[in-house]
Amino acid sequence: MKIRNAFVSAGLSESYFAPRNHCNTAVLSYFAPRNHIRRVISRGEIRHFFSGRLAAAVTWLLLCCPVTVASDASVRLAAEIPEQTGIDRGICAVVGGDAVLPIELARTSGLRVHCRHSDPEIAAQSRETADQAGLGIDRLAVDIGPIDRLPYAARMIDVVVMPDASAETLAQLSVAEIARVLRPNGHALVGNWSGGSDGLTESMLRDWKDEFDSGLRAESIATDGVVSAHLTAPPLDGAGDW
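Residues numbered from 1 in each chain as written. Predicted model: local features only at pLDDT ≥ 70, side-chain atom pairs only at ≥ 80, totals over all residues. Heavy atoms only, no water.

Q: Break down the confidence of the model for the protein chain for me, with residues and values.
A: Reading fine detail from the predicted coordinates is not recommended where pLDDT is low. Looking at the protein chain as a whole, the pLDDT averages 76, with 67% of positions reaching at least 70. The spread of mean pLDDT over the elements of the protein chain runs between strand 1 (residues 27-31), the lowest at 32, and strand 7 (residues 157-162), the highest at 98. Under a pLDDT of 50 for its full length, residues 1-69 has, in the predicted model, 112 contacts with residues more than four places off or in other chains. (pLDDT = per-residue confidence, 0-100. Helix = DSSP H or I, 4+ residues; strand = E, 2+ residues; numbered from the N terminus. Contact = heavy atoms within 4.5 Å.)

Printed below as a string of structure tokens:
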């Protein structure tokens, strides 16, 4: 079976990038005809050119290596976001995370996705993957900068997602800043779907949420395989009054 078909039949997307904590894994960036692998990326670096049986061996390793864990979690999260929030149109801000989640969101929903990364390397990977997927900036845009102040006007964003929350990132991005950018009845999903939680706990999320009187309501703060919080913004004052 051709390499492309092997990935598709396994239910995986064609473009995956290794998380920074998996330093020994190599990830296929894109495919060329006749089973020639044009580029293999490990920690963002171009490695070698492969073909034939060696390509098949590399593909087998990729299907079995730990990198698929984080990527599969991102694919599942992309499918769950519209279901959990009830929002399939509008603007979704993804703060941090890997290159897979925003691609899958843009592919499988009507959301316009904007990524905010503090890491230039991950931002470059996200842009390259978006180009390969044929997604223009009208569907997916990637920005580099600090996350303590999000680059959006007040009440502009329908959904905010922080998919790799940790003690460090929670210290940078306050719940008040998320509340500032969320539109009325908007949603925020904050958790660690990548698996490297750095000790993230429910109590940490509750303390983070309660640090400021943001007005956001906690729909859930729980551990259901993943430590996460689902917050919603209140409706606009006076909305519905006639």
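Q: Help me get a handle on the side chain of His187, residues and values and all.
A: Among the structural elements, His187 can be located in strand 8 (residues 182-191). Discounting chain neighbours no more than four positions away, the residues touching His187 are Thr85, Ile87, Asp158, Val159, Val160, Leu182, His230, Leu231 and Thr232.

Q: Give a detailed account of unusual backbone geometry, specifying residues and quantitative values.
A: Only a minority of non-glycine residues have a phi that is not negative, and only a minority of peptide bonds are not trans. Even without a glycine there, the phi angle at Arg155 is positive, about 55°. Looking at the element boundaries, Arg155 is found in the loop between strand 6 (140-144) and strand 7. In this structure, Asn185 is a non-glycine residue whose phi angle is positive, near 70°. Secondary-structure assignment places Asn185 in strand 8.

Q: How would you summarise the environment of Asn185 if you had to cite specific residues and measurements?
A: According to the relative accessible area criterion, Asn185 is partly exposed, its value standing at 40%. Spatially, the C-alpha atoms of Asn185 and Arg155 are 9.9 Å apart, while their sequence positions differ by 30 residues. Other than its neighbours up to four places away in sequence, Asn185 contacts Ala233, Pro234 and Pro235. (Buried < 20%, exposed > 50% of the residue type's maximum accessible area, 1.4 Å probe, protein only.)

Q: For the state of the cysteines, give the residues involved together with the corresponding values.
A: Going through the model one piece at a time under the given rule, you end up with 0 disulfides. Free cysteine Cys92: the closest other cysteine sulfur is in Cys115, separated by 8.3 Å. Cys92 gets classed as buried once you look at its relative accessible area, which sits at 0%. (Disulfide = S-S within 2.5 Å.)

Q: Just give me the short version of the pairing of strand 7, but keep the residues and values in it.
A: Most of strand 7 is tucked away, with 6 of its 6 residues classed as buried. In the sheet, strand 4 (residues 89-95) pairs with strand 7 via 3 bridges, with the strands oriented parallel. In the sheet register, Ala93 faces strand 7, and the bridge partner there is Val160. With 5 bridges joining them, strand 7 and strand 8 adopt parallel strand pairing. (Pairing = 2+ DSSP bridges.)

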